[in-house]
Amino acid sequence: MNLKRSIQVEDGQLMLGGVSAADLAKEYGTPLYVMDEQMVRDSMAAFRDSMNRFYEGKGLVCYASKAFCCKEIYRIAMDEGIGTDVVSLGELYTAKSVGFPMDKICFHGNNKTHRELEAALEWGVGRIVVDNLTELAELSALAESKNQTAQILLRIKPGIDAHTHNFIRTGQIDSKFGLALETGEAMEAVKEALAAKNVRLRGIHCHIGSQIFAVDPFVHAAEVMVGFMGQVKAETGVELEDLNLGGGFGILYTDADEPVPFGDYMGPVSEAVKKTAAKCGLAQPFVLIEPGRAIVGEAGTTLYTVGSVKNIPGIRTYVSVDGGMGDNPRYILYQSRYDMILANRADEPASQMVTVAGRCCESGDLIGENVPLAAAQPGDLLAVFATGAYNYSMASRYNRVPVPPVVMVKDGKSRVVVRGESLEDLIRNDC
Ligand SMILES: *Cc1c(COP(=O)(O)O)cnc(C)c1O
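Calculation rules
Residues numbered from 1 in each chain as written. Predicted model: local features only at pLDDT ≥ 70, side-chain atom pairs only at ≥ 80, totals over all residues. Heavy atoms only, no water. Helix = DSSP H or I, 4+ residues; strand = E, 2+ residues; numbered from the N terminus. Rg over C-alpha atoms; globule rule 2.2 N^0.38 Å. Buried < 20%, exposed > 50% of the residue type's maximum accessible area, 1.4 Å probe, protein only. Contact = heavy atoms within 4.5 Å. Areas by Shrake-Rupley, 256 points an atom, 1.4 Å probe, with all protein chains shown as cover. Lys, Arg positive; Asp, Glu negative; His and termini not counted. Charge placed at Lys NZ, Arg CZ, Asp CG, Glu CD. Polar contact = N/O pair within 3.5 Å; in protein donor to acceptor, adjacent residues only side chain to side chain. Pairing = 2+ DSSP bridges. Right-handed = clockwise from strand over helix to strand, strands pointing away. Expected span 1.5 Å × (residues − 1). Domains from an automatic or database assignment. Buried area = accessible area lost by both parts, 1.4 Å probe. Salt bridge = Lys/Arg side-chain N within 4 Å of Asp/Glu carboxyl O. Nonpolar A, V, L, I, M, F, W, Y, C, P; charged D, E, K, R; others polar. Phe/Tyr/Trp six-rings, centres within 6.5 Å; stacked < 30°, edge-to-face > 60°. Near = heavy atom within 4 Å.

Some words on the overall build of the protein
Okay, step 1: Along the backbone of the protein there are 12 helices and 21 strands.
Okay, step 2: For the protein, whose C-alpha radius of gyration is 23 Å, the value lies close to the compact-globule estimate of 22 Å for 431 residues.
Okay, step 3: With the C-alpha coordinates of the protein rotated into their principal frame, the extents come out at 70 × 50 × 40 Å.
Okay, step 4: For the protein, with 431 residues in total, the buried portion stands at 54%.
Okay, step 5: When contacts within the protein are restricted to residue pairs at least 6 apart in sequence, long-range pairs at least 24 apart make up 71% of them.
Okay, step 6: Put simply, the protein shows about 18000 Å² of open surface, and 49% of that area lies on carbon and sulfur atoms.
Okay, step 7: Where the 42 positive side-chain charges of the protein centre and where its 55 negative ones centre are 3 Å apart.

Laid out in structure tokens, this is it:
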């Protein structure tokens, strides 16, 4: 078990939000996504309050809802007074369905459809993050035809040196997202946006990658982005207001991870923003950040029931569970590592290294390899930690295994926030 993760155990039973995992499994079945509502609220509040602390309130946290999207997470985000970012009509529609304030939404995507741009305009999305010149032209024409003004940011690739920071995957020039600084593409786009009809260029956006533990790349990105705002002012006379620095803050999956306390990012980054702005003769911009994983990741735990345990002497022991790549595709996608314990024997020390396998017809369908675990028996309850981000939102129905329900726990109570799919749901759209 991870020494850095604090978990609650009572009488050998793992407790989640004051409810025992065993009771949750009994009431809702397994597999089950469990989300600790207080943890979600606390991290939203911490990010929100950091805007006051580091930017004197001149900023907005937009929860990156691709990490975990459903009606309830938008309601909670609204309740905590933060914004959100969406990347599809589906996410935007979900947010709209609970009355999410449109002026607090950033709409991303490197290839938004016409219908998505139309909806963004009709519903009054506060910031459409335009990815490329094709989209800019399309949006401008669309806004003109509707006699509306599109509020936009431009997505910039700040060209952060990927060689020194090789965990950064989306800020470099070879990325499908955004407009490159080095080539002059970004400046050209700014000029086109300023000249475009029915478009108001509010500012610029970057997102340099995900699960980042170092502070430097964020500081560097902030310097480059504000420096570019200075260049824009020098060349066009226009001072942009918004600086969206994206998300990507790393979280604790296993002991190998070293999450940086949030203030340790925000302190140096806000200093870099302010210093660079002063140097360029700019007012302090309105800063947006977009944490996804850092808000919901560690709040989530997935519960599975152990089925067969297959010991292959001299090779390995397979512990099979009743879920897998359908509810958590991150192992098969990225060989992501997770911490896990037997929830019904939570104070038993790990006694063996096992491979935890899912139930799908794919040999790669694993939840983890070389995982330390107490001796698992059929019927045990396996808890996999830090599954709140990019699990439910990436779930599939492969092998026609229904997507499990999502339950929120808080103060000893549990409630379903996404119903589990039924067999009837699985055939609903079949003709
Ligand atoms: C994915 C993404 C985020 C969130 O990333 P996390 O690593 O989950 O914080 C934020 N902004 C944009 C544009 C993204 O694509």
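Some thoughts on the environment of S210
Okay, step 1: Inspection of the secondary structure puts S210 in the loop between strand 11 (199–205) and helix 8 (216–236).
Okay, step 2: Each C-alpha atom of the pair S210 and P291 lies 9.5 Å from the other, and the pair is 81 residues apart in sequence.
Okay, step 3: A distance of 2.8 Å separates a polar atom in the side chain of S210 from a polar atom in the side chain of R293.

Details of the side chain of E135
Okay, step 1: As for its placement among the helices and strands, E135 is situated in helix 6 (residues 133–145).
Okay, step 2: Beyond its immediate sequence surroundings of up to four residues, E135 is in contact with G109, K112, L117, I128, V129 and V130.

Describing the pairing of strand 9 (residues 150–157)
Okay, step 1: The buried fraction of strand 9 is high, at seven of eight residues.
Okay, step 2: Taken together, the three bridges between strand 8 (residues 127–130) and strand 9 define a ladder with parallel strand orientation. Within strand 9, the position partnered with V130 by the bridge is L154.
Okay, step 3: Handedness of the crossover joining strand 8 and strand 9 through helix 6: right-handed.
Okay, step 4: In this sheet, strand 11 lies alongside strand 9 in parallel orientation, the contact comprising six bridges. Bridging across to strand 11, A150 finds its partner in V199.

A closer look at helix 2 (residues 37–55)
Okay, step 1: Along its 19 residues, helix 2 runs 27 Å from first to last C-alpha, staying within 8% of the 27 Å computed at 1.5 Å per residue.
Okay, step 2: Every buried residue belonging to helix 2 is among E37, V40, R41, S43, M44, A45, F47, S50, M51, F54 and Y55, and all of these are buried.
Okay, step 3: Of the residues that open helix 2, the one with a side-chain oxygen 3.1 Å from the backbone nitrogen of Q38 is D36.
Okay, step 4: Looking at the residues trailing helix 2, positive phi occurs at E56, about 50 degrees.

Focus on the domain arrangement of the protein
Okay, step 1: On domain assignment, one finds that the protein holds domain 1 (8–36 + 297–421) and domain 2 (69–291).
Okay, step 2: Between domain 1 and domain 2, the C-alpha centre-to-centre distance is 34 Å.
Okay, step 3: Contacts between the two partners involve 13 residues from domain 1 and, on the opposite side, nine residues from domain 2.
Okay, step 4: Taken together, the two surfaces of domain 1 and domain 2 that pack against each other cover about 960 Å², and 60% of this comes from carbon and sulfur.
Okay, step 5: Between R415 and E72 there is a salt bridge whose closest N-O contact spans 2.9 Å.
Okay, step 6: At the boundary of domain 1 and domain 2, one finds two residue pairs in polar contact (both at pLDDT 80 or more).
Okay, step 7: Per-class residue counts for the side of domain 1 that touches domain 2 are six nonpolar, two polar and five charged.

What about the packing of aromatic side chains?
Okay, step 1: Tallied over the entire structure, the rule returns 10 aromatic pairs.
Okay, step 2: Measuring from ring centre to ring centre gives 5.1 Å for F218 and F249, while their planes differ by 25 degrees; the resulting arrangement is stacked. In this pair, F218 is assigned in helix 8 and F249 in the loop between strand 12 (242–244) and helix 9 (262–279), connecting sequence segments 31 residues apart. Of the two residues, F218 and F249, neither departs from the other in class, the shared state being buried.

Some remarks on the site of the ligand
Okay, step 1: Neighbouring the ligand are 15 residues; K66, S210, E290, R293 and Y390 lie closest to it.
Okay, step 2: A distance of 2.3 Å separates an oxygen atom of the ligand from a polar side-chain atom of S210.
Okay, step 3: The separation between an oxygen atom of the ligand and a polar main-chain atom of R293 is 2.7 Å.
Okay, step 4: Summarising the interface, the protein chains cover 94% of the accessible area of the ligand, which totals 380 Å² for the free molecule.

Quick notes on the environment of L366
Okay, step 1: Among the structural elements, L366 can be located in strand 18 (residues 366–373).
Okay, step 2: On the basis of relative accessible area, L366 is assigned to the buried category, the value being 8%.

Concerning the environment of L243
Okay, step 1: Mapped onto the elements of the fold, L243 is located in strand 12.
Okay, step 2: Judged by relative accessible area, L243 falls into the buried class, the value being 0%.
Okay, step 3: Distance from L243 to R202, taken between C-alpha atoms, is 8.7 Å for residues 41 residues apart in sequence.
Okay, step 4: Sequence-distant contacts of L243, defined by excluding residues within four places in its chain, comprise I204, M225, V226, M229, V273, P285, F286, V287 and L288.

Some remarks on helix 9
Okay, step 1: Relative to the 26 Å expected for 18 residues at 1.5 Å per residue, helix 9 spans 26 Å between its end C-alpha atoms, a close match to the ideal helical length.
Okay, step 2: By the burial criterion, the buried members of helix 9 are F262, Y265, M266, G267, V269, S270, A272, V273, T276 and A277.
Okay, step 3: Looking at the buried positions of helix 9, the neighbouring elements they touch are helix 2, helix 8, strand 12 and strand 13 (286–289).
Okay, step 4: Where helix 9 terminates, the next one or two residues include G281, which has phi positive at roughly 70 degrees.

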